[in-house]
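Results of the structural survey
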Amino acid sequence: MKILVAIKQVPDKNARLQLDESGTRIVETDLSWETNESDRYAVETALRLREAAGEGEVVVVTLGPERARKAISSALAMGADRGIHLVDPDFQGGDPLCVARALAAVAQAEEAPLVLCGTRADDDGYAETPILLAGLLDRPAVFLTMGVEQVDGGLRVVRELEASRQEVSEIPLPAVLGIQSGIHEVRFTSLKGIMAAKKKPVGQPTPTELGLSADRIGKAGRRLEVLSLAPPEKKSQCEFIEGKPEEIAATLVDKLRREAKVL
Amino acid sequence: MAKDVLVVIEHEDGAPRRPSLEALSLARRMAQATGGRALAVVAGHGTEAVAQAVASSGADVVHHFDHELLAQYTPDGYRLAITPLIRELEPEWVLMGHTYLAQDLLPLISATFDAPVISDCVDMEIDAEKVVFHRQPYDAKLVARIFDRGPAPHFATLQSGAFPADDLPQDHGGTVDAHTIDLSGDRIRRRVLEIHDAGESTVDLSSAEMIVAGGRGLGSKEKFQQLIGQLVEALGGAAVGASRPVVDSEWLPHDHQIGSSGQIVSPKLYIGVGISGAIQHVVGIRGSQVIVAINKDKDAPIFNEATYGIVGDAEELVPAIAQAIAEARQS
Ligand SMILES: Cc1cc2nc3c(=O)[nH]c(=O)nc-3n(C[C@H](O)[C@H](O)[C@H](O)COP(=O)(O)OP(=O)(O)OC[C@H]3O[C@@H](n4cnc5c(N)ncnc54)[C@H](O)[C@@H]3O)c2cc1C
Ligand SMILES: Nc1ncnc2c1ncn2[C@@H]1O[C@H](COP(=O)(O)O)[C@@H](O)[C@H]1O
């Protein structure tokens, strides 16, 4: 089975974010980037499904500028077979629906019966692209997947629920899954994997090649407009304790004893 | 045309769930501002009482779909009831709480209306021209004000607790409109086999008096054990908690996880080290009497929850704090 995995490159978790003059975007220069956390779990899940079946192809797709090529390279080094980079400027700057439209076109062109996504891109945090994609493709989907195996006629899927519960269900293929972080341990990349990745093909289809008109994708196609982006107002009651470590420790203990009375 | 707001109600044990009531409260505010109505939809089986409760709690009309194939939530069952209703009612907005069910369902519906979802909103501004929602991208390090420039219907989900439901009436005379729906099993593509607990839990953090919790910021399993261990020992015993990435990376078994997909805790003292304070973690610790946060980033959202905040490197701070606590307990 061919499995398409959608991965996004996002700023490193510890990155210092700065806003540009427009006050609606972060400054992208000098940031360090990584593959979105749950997307790494999605790649791992695809590789395990391929291994369990003993056949199949894992194709990773990312929509993003030139820098996002590195997310593809990392997935290829983990063991994915091929990459697709939606790098054309017309793809960039869209909202989740624009991204879902582009991914839907790739899924159709590739005729991939299974599409795996992460659950949430940790930058914008919409947590909706996989299910929008399922809606556009009219496929069954499961969000927050914590387990998946191929069975007769489709997939058996474990869905995470609130309050530490899980739902086990079966869905037919073709399907879309949003993979939740923690589903499986993610493998380390070997040197051999990194060397092999260099020879694997990465396609760069244009919107036209995918049959997408420019006003449905990217900046031109988006409905959601960011009017402003700013640090949150601090409404916290937090009392910051400052000084050298020993001074901080002494002050904290004193407060926990006298004010909070918890020690 | 009046600008109606439709809330998709989730229910449990014969009553609407809290996130749905929070959405209803906001729907009433939005409807009031634009002269529209607050509408609701309940899908289920034997759920007449849920529909009645929602009508009493402030929905002007509750659309009720009762069918045996709706007894168990499935995206297809709910979608087949709700999508045609939206076409018929033409609401300006469709709202839900940002729950697991909403994330599994709502984008499926919005996609058929060529609309995205403004998800996980924490605030709203409304005036004659437009509705603007606030969300918190980058793990709540920033706030974005978002406007949907497409045509109605617009879709949004609301972060749990961000829009309090305290102002709902108890005896609102809303009506219940019972709909018939023609559903057959072959149109429901998800066949639910069972629902069970995620795993044996041997750690009960919910009744712990003192909890020391560590996050990914501790860097490794070894550092986690070392630094969290020092604090636990200094306190003369405390329960150990963790953020999700810590258990995902198998530094600690799953039943130590605190948060929306872990345990809800309410200790006298919670100390969080190297934890950023994402909403999914924070909802699990809000019942704590005193929260101490240690984080090297002064802008980490955990400080919005903390009683006492310490900005710095855990490796430098924790040994000093552990020592001071141990000494204080001995004196
Ligand atoms: C559906 C869903 C459910 C979820 N459920 C949960 C849940 O139940 N519980 C949960 O915790 N999360 C949950 N999450 C994940 C959550 O969104 C966050 O990703 C997670 O809580 C982040 O964990 P963290 O703070 O340990 O890691 P990070 O976000 O990586 O933060 C690490 C922090 O450590 C600080 N730091 C780094 N180095 C140091 C140092 N040397 N000294 C001091 N500080 C340092 C950094 O400044 C940073 O703030 C869920 C997510 C989803 C999508
Ligand atoms: N630009 C993108 N390129 C590829 N996949 C994406 C992109 N944006 C989102 N996704 C996928 O959709 C998931 C959810 O993203 P979001 O809805 O933006 O939170 C991610 O975990 C990815 O799997």
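The shown structure was predicted, so the numbers you read here are calculated from the model rather than taken from an experiment. (Residues numbered from 1 in each chain as written. Chains lettered and ligands numbered in written order. Predicted model: local features only at pLDDT ≥ 70, side-chain atom pairs only at ≥ 80, totals over all residues. Heavy atoms only, no water.)

1. Digging into helix α3 (residues 96–110) of chain A
Three- or four-residue spacings in an α-helix give side chains the same orientation, since the helix completes a turn every 3.6 residues. All names here are of chain A. With 15 residues, α3 should reach 21 Å at 1.5 Å per residue; the first-to-last C-alpha distance of 21 Å fits that figure. The buried fraction of α3 is high, at twelve of 15 residues. Every buried residue belonging to α3 is among Pro96, Leu97, Cys98, Ala100, Arg101, Ala102, Leu103, Ala104, Ala105, Val106, Ala107 and Glu110, and all of these are buried. Count one or two residues on from α3 and you reach Glu111, which has phi positive near 50 degrees. (Helix = DSSP H or I, 4+ residues; strand = E, 2+ residues; numbered from the N terminus. Expected span 1.5 Å × (residues − 1). Buried < 20%, exposed > 50% of the residue type's maximum accessible area, 1.4 Å probe, protein only.)

2. Description of the pattern of salt bridges
With the rule as written, the count across this model stands at 49 salt bridges over all chains. Of the charged contacts, one joins Arg16 of chain A and Asp297 of chain B as a salt bridge, the two residues approaching to 3.3 Å between their closest N and O atoms. Here Arg16 of chain A is found in the loop between β2 (9–11) and β3 (33–35), whereas its partner Asp297 of chain B is found in the loop between β16 (290–295) and β17 (308–311) on a different chain. Residue classification places Arg16 of chain A among the exposed positions, given a relative accessible area of 56%. Arg145 of chain B serves as the salt-bridge partner of Glu125 of chain B, at 2.7 Å between the closest nitrogen and oxygen. One end of the pair, Glu125 of chain B, is in strand β7 (residues 117–126); the other, Arg145 of chain B, is in strand β9 (residues 143–148), and 20 residues separate them in sequence. Judged by relative accessible area, Arg145 of chain B falls into the partly exposed class, the value being 25%. (Salt bridge = Lys/Arg side-chain N within 4 Å of Asp/Glu carboxyl O.)

3. Observations regarding the interface of chain A and chain B
Taken together, the contact between chain A and chain B spans 86 residues of the former and 85 residues of the latter. For the pair chain A and chain B, the summed buried area comes to about 7500 Å², and 54% of that belongs to carbon and sulfur atoms. For the chain A face of the interface with chain B, the top three residues by lost area are Glu162, Arg223 and Leu227 of chain A, together amounting to 10%. Counting across the chain A and chain B interface gives 16 salt bridges. (Contact = heavy atoms within 4.5 Å. Buried area = accessible area lost by both parts, 1.4 Å probe.)

4. Section: the side chain of Glu128 of chain A
Tracing the chain through its elements places Glu128 of chain A in the loop between β6 (114–117) and α4 (129–137). For the buried Glu128 of chain A, no salt bridge exists, and the shortest N-O distance to an oppositely charged side chain is 6.1 Å, to Arg135 of chain B. The contact partners of Glu128 of chain A, leaving out residues within four places of it in the chain, are Pro96 of chain A together with Pro107, Pro116, Val117 and Ser119 of chain B. (Lys, Arg positive; Asp, Glu negative; His and termini not counted.)

5. Overview of unusual backbone geometry
For residues that are not glycine, phi is negative in most cases, and the peptide bond is trans in most cases. For the bond from Leu173 of chain A to Pro174 of chain A, the omega torsion is 0 degrees, close enough to zero to count as cis. With respect to the helices and strands, the residue Pro174 of chain A is situated in the loop between β9 (165–172) and β10 (175–179). In the segment running from Ala152 of chain B into Pro153 of chain B, the intervening peptide bond is cis, with an omega of 0 degrees. Residue placement: Pro153 of chain B occurs in the loop between β9 and β10 (154–158).

6. Topic: empty space enclosed by the protein
As enumerated under the stated definition, the model contains four cavities of 30 Å³ or more in all. Along its surface, the largest cavity is lined by 13 residues, and Pro11, Asp12, Lys13 and Asp122 of chain A together with Lys141 of chain B are the ones closest to its centre. Secondary-structure elements contributing two or more residues to the lining of the largest cavity are β2 of chain A together with α5 (137–140) of chain B. (1 Å grid on protein atoms, 1.4 Å probe; cavity = no way out; pocket = protein on both sides within 12 Å on 5 of 7 lines; lining within 4 Å. Points joined across faces, edges and corners; volume = space filled by probe spheres on them.)

7. Focus on the confidence of the model for chain B
Confidence in the prediction for chain B averages 95 pLDDT; 99% of positions are at 70 or higher. In the predicted assembly, ipTM is 0.96 and pTM is 0.96. (pLDDT = per-residue confidence, 0-100.)

8. Remarks on the pairing of strand β4 (residues 38–44) of chain B
Residue and element names in this part refer to chain B. Burial runs high along β4: seven of the seven residues are buried. Residues Ala38, Ala40, Val42 and Gly44 of β4 are buried on one face, and the alternating residues Leu39, Val41 and Ala43, pointing to the opposite face, are buried as well. Bridging between strand β1 (residues 5–9) and β4 involves five bridges; their strand directions are parallel. When the bridges of β4 are listed, Leu6 appears paired with Leu39. In the sheet, β4 pairs with strand β5 (residues 61–66) via six bridges, with the strands oriented parallel. If you follow Ala40 over to β5, its bridge partner there is Val62. Running through helix α2 (residues 48–56), the crossover from β4 to the neighbouring parallel element β5 is right-handed. (Pairing = 2+ DSSP bridges. Right-handed = clockwise from strand over helix to strand, strands pointing away.)

9. Describing helix α4 (residues 100–112) of chain B
Along its length, α4 of chain B reaches its greatest deviation from straightness, about 30 degrees, at Leu106 of chain B, and the proline Pro107 of chain B lies no more than four positions downstream. Every buried residue of α4 of chain B is accounted for by Tyr100, Leu101, Ala102, Gln103, Asp104, Leu105, Leu106, Pro107, Leu108, Ile109, Ser110 and Ala111 of chain B. (Bend = angle between axes of the 7 residues up to and from the residue.)

10. Quick notes on the site of ligand 2
Residue and element names in this part refer to chain A. Around ligand 2 sit 20 residues, and of these Ala6, Asp39, Ala121, Ala127 and Thr129 come closest. For ligand 2, an oxygen atom lies 2.8 Å from a polar atom in the backbone of Ala121. Here ligand 2 has 480 Å² of accessible area as a free molecule, and 98% of this is covered by the chains. When grouped by side-chain class, the residues that make up the shell around ligand 2 number ten nonpolar, six polar and four charged. (Near = heavy atom within 4 Å. Polar contact = N/O pair within 3.5 Å; in protein donor to acceptor, adjacent residues only side chain to side chain. Areas by Shrake-Rupley, 256 points an atom, 1.4 Å probe, with all protein chains shown as cover. Nonpolar A, V, L, I, M, F, W, Y, C, P; charged D, E, K, R; others polar.)

11. Some remarks on the packing of helix α6 (residues 221–234) of chain B against helix α9 (residues 314–330) of chain B
If you want to describe how two helices pack, look at the angle between their axes and the distance between the axes. Residue and element names in this part refer to chain B. Where α6 meets α9, the axes come as close as 8 Å, and the angle between the chain directions of the two elements is 20 degrees. In terms of their interaxial angle, α6 and α9 are classed as roughly parallel. Considering only the axes of α6 and α9, their crossing is left-handed. Residue-level inspection shows Lys223, Leu227, Gln230, Leu231, Glu233 and Ala234 of α6 in contact with α9, the latter providing Ala314, Glu315, Val318, Pro319, Ile321, Ala322, Ile325, Ala326 and Arg329. (Axes fitted to C-alpha atoms, helices over the stretch in contact; angles between N-to-C directions. Parallel < 35°, antiparallel > 145°, perpendicular 65-115°, else oblique. Left-handed = near helix turned anticlockwise from the far one by under 90°.)

12. Section: the sheet that holds strand β6 (residues 93–97) of chain B
The strand order across the open sheet formed by ten strands is β12(A)-β9(B)-β8(B)-β7(B)-β10(B)-β6(B)-β1(B)-β4(B)-β5(B)-β11(B), and the pairing between neighbours is mixed. Edge positions in the sheet fall to β12 (224–230) of chain A together with β11 (175–179) of chain B, since each of these pairs with one other strand and no more. With strand direction ignored, the average angle separating the axes of adjacent strands in the sheet is 35 degrees. Where β7 of chain B and β10 of chain B come together, three bridges link them in parallel fashion.

13. Re the domain arrangement of chain B
Residue and element names in this part refer to chain B. Per the domain assignment, the segments making up chain B are domain 1 (5–179) and domain 2 (205–330). The gap between the C-alpha centroids of domain 1 and domain 2 is 35 Å. With five residues of domain 1 at the contact, the number on the domain 2 side is six residues. Interface area, domain 1 with domain 2, both sides summed: about 480 Å², of which 55% is carbon and sulfur. Of all residues in domain 1, Tyr100, Asp139 and Lys141 bury the most surface against domain 2, accounting for 58% of the area lost on that side. One can count zero salt bridges joining domain 1 with domain 2. One can count zero residue pairs in polar contact (both at pLDDT 80 or more) joining domain 1 with domain 2. A class-by-class count of the residues in the side of domain 1 that touches domain 2 yields two nonpolar, one polar and two charged. (Domains from an automatic or database assignment.)

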